[in-house]
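Coordinate inspection notes
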Amino acid sequence: MLVKDSDFDSLVPGLPLSRRTFVGASLAAGFALAVRPAQGQSVIQTAASGLSAGDITIKASDGVAVRAYWVQPSGKGPFPTVLVVSEIFGLHEYIRDTCRRLARQGYQAIAPDLFQRHGDPASVGSVAEILSTIVSKVPDAQVMGDLDACAGWAAANGGDPARLAITGFCWGGRVTWLYAAHNPQLRAAVAWYGRLTGVATGTSPKHPADLVDRMQAPVLGLYGAKDQGIPVSDVEDMRDDMTRAGKRAEFVIYPEAGHAFHADYRPSYRAEDAIDGWARMLAWFRDNGV
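Attention here is on the structure that accompanies the text. (Residues numbered from 1 in each chain as written. Predicted model: local features only at pLDDT ≥ 70, side-chain atom pairs only at ≥ 80, totals over all residues. Heavy atoms only, no water.)

1. Some remarks on the nonpolar core
Within soluble globular proteins, side chains that are nonpolar generally end up buried alongside one another. To be explicit about the condition: In plain words, nonpolar cores are sets of buried Ala, Val, Leu, Ile, Met, Phe, Trp, Tyr and Cys residues tied together by side-chain atoms within 4.5 Å. The buried label applies to any residue whose accessible area, calculated with a 1.4 Å probe on protein chains only, is under 20% of its type's maximum; exposed applies above 50%, and partly exposed to all values in between. Think of it this way: any DSSP run of H or I at least four residues long counts as a helix, any run of E at least two long counts as a strand, and we number them from the N terminus.
Residues Leu-102, Trp-171, Trp-177, Tyr-193 and Phe-285 are the most contacted members of the largest nonpolar core, which totals 85 residues. With 8 residues, helix H4 (residues 140–156) is the largest single contributor of residues to this core.

Structure follows, in structure tokens:
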């Protein structure tokens, strides 16, 4: 049986992979990379003309100069800021284009390279190897610190610290949930098919379902009913837990969507659901003052 990358690229961190599962993922990697356009080239292409954009570095709390892509409308601002968190494939063209799409809507968008201390996913030959040699080694604490540094940089460079949001995809969707529980200054979060549960590890001691009581910002969760890595029951449980805790959240489960339905450079892309989710994200930001 052929295993698609959408079946396992949402499974980490925190899910123990058996040897059989890991081998299956490895066998699927050739397929996964074969259907992935070079450099994550988006089907949707958003021009940078009329925008201020470029590659920047942001000094993190541990002294590392974190690489990031930054884009915002032309002018002085201050602009509402959206932190954009990538999938396991890192800071490639699809993520950059997503930032430009946000800038076209009036936002300053910053997408940091959260994997740079551990490797470059673009240089790794298989999805399974990306997971085992890079993603599994990235501590949640480091990610939270890097995102805090990005928020601080934004506030000092044309962003409005009172209008801060975050969105992320797959691995970045899980990070979005974590950051909503981490930063009390965050106004809104939108998590695209981010894993909600998992096994505690040294790098990932807590998962979104463990942090319901700590949620600081309202979260919109966008999920696919046919996602092989995130059961609908997990999404429903998270919705119930958030309601019981008195936390503001909304969940949309697209009946025909699988994992990565917004990723327009992959065969998992579903245009209708991606367009609907994008509109809901922008409305969520506006409704929460971002």
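2. A word on the pattern of salt bridges
Test applied: Throughout this description, the term salt bridge denotes a Lys or Arg side-chain nitrogen within 4 Å of a carboxyl oxygen of Asp or Glu.
Evaluation of the coordinates by the stated rule reveals 15 salt bridges. The closest approach of N and O atoms between Arg-100 and Glu-93, which form a salt bridge, is 2.4 Å. One network of salt bridges, in which partners are shared, links Glu-93, Asp-97, Arg-100, Arg-101 and Asp-264.

3. With respect to the sheet that holds strand E3 (residues 79–85)
Definition in use: Think of it this way: DSSP has to see at least two bridges between two strands before they count as a pair. Angles run from 0 to 180 degrees between N-to-C directions of axes, and those axes are lines fitted to C-alpha atoms, restricted for helices to the stretch in contact. Between two residues, a contact is recorded if the distance between any of their heavy atoms is within 4.5 Å.
An order of E1-E2-E4-E3-E5-E6-E7-E8 is seen for the 8 strands of this open sheet, with the pairing classed as mixed. Two strands bound the open sheet, and with one partner strand each, they are strand E1 (51–59) and strand E8 (249–254). Across the sheet, the mean angle from the axis of one strand to that of its neighbour is 20 degrees, orientation sign disregarded. The sheet contacts of helix H5 (residues 171–182) involve E3, strand E5 (159–169), strand E6 (188–192), strand E7 (219–224) and E8, and relative to E5 the element is tilted by about 140 degrees.

4. Some remarks on the pairing of E5
The side chains of a regular strand alternate between both faces of the sheet. Within E5, 8 of the 11 residues are buried, which leaves the element mostly enclosed by the surrounding structure. With 7 bridges joining them, E3 and E5 adopt parallel strand pairing. Its bridge partner lying in E5, Leu-83 is registered against Ile-166. Inspection of the sheet shows E5 paired to E6 by 5 bridges, in the parallel sense. Bridge pairing in E6 places Ala-165 opposite Ala-188.

5. A look at the packing of helix H2 (residues 93–104) against helix H7 (residues 271–287)
Just so we agree on the cut-off: Each angle is binned into one of four classes, with values under 35 degrees roughly parallel, values over 145 roughly antiparallel, values of 65 to 115 roughly perpendicular, and all other values oblique. By convention, the crossing between two helices is left-handed when the near helix turns anticlockwise from the far helix through less than a right angle, and right-handed when the turn is clockwise.
Put simply, H2 and H7 touch, their axes get as near as 12 Å, and they point 50 degrees apart. In terms of orientation, H2 lies oblique with respect to H7. Between H2 and H7 the crossing geometry is right-handed. When H2 is examined against H7, the residues Thr-98, Arg-101 and Leu-102 are found in contact with a partner set consisting of Trp-278, Met-281, Leu-282 and Phe-285.

6. Let's talk about the pairing of strand E2 (residues 65–73)
A large share of E2 lies buried, amounting to 7 of its 9 residues. Here 9 bridges tie E1 to E2, and the two strands are oriented antiparallel to one another. If you follow Ile-56 over to E2, its bridge partner there is Ala-68. In this structure, the hairpin formed by E1 and E2 is closed by a connection of 5 residues, where Gly-63 is found at a positive phi of approximately 90 degrees. Both E2 and strand E4 (residues 108–112) contribute to a ladder of 4 bridges, which runs antiparallel. Note on E4: the bridge partner recorded for Ala-68 is Pro-112.

On their own, these measurements won't tell you what the molecule is for.
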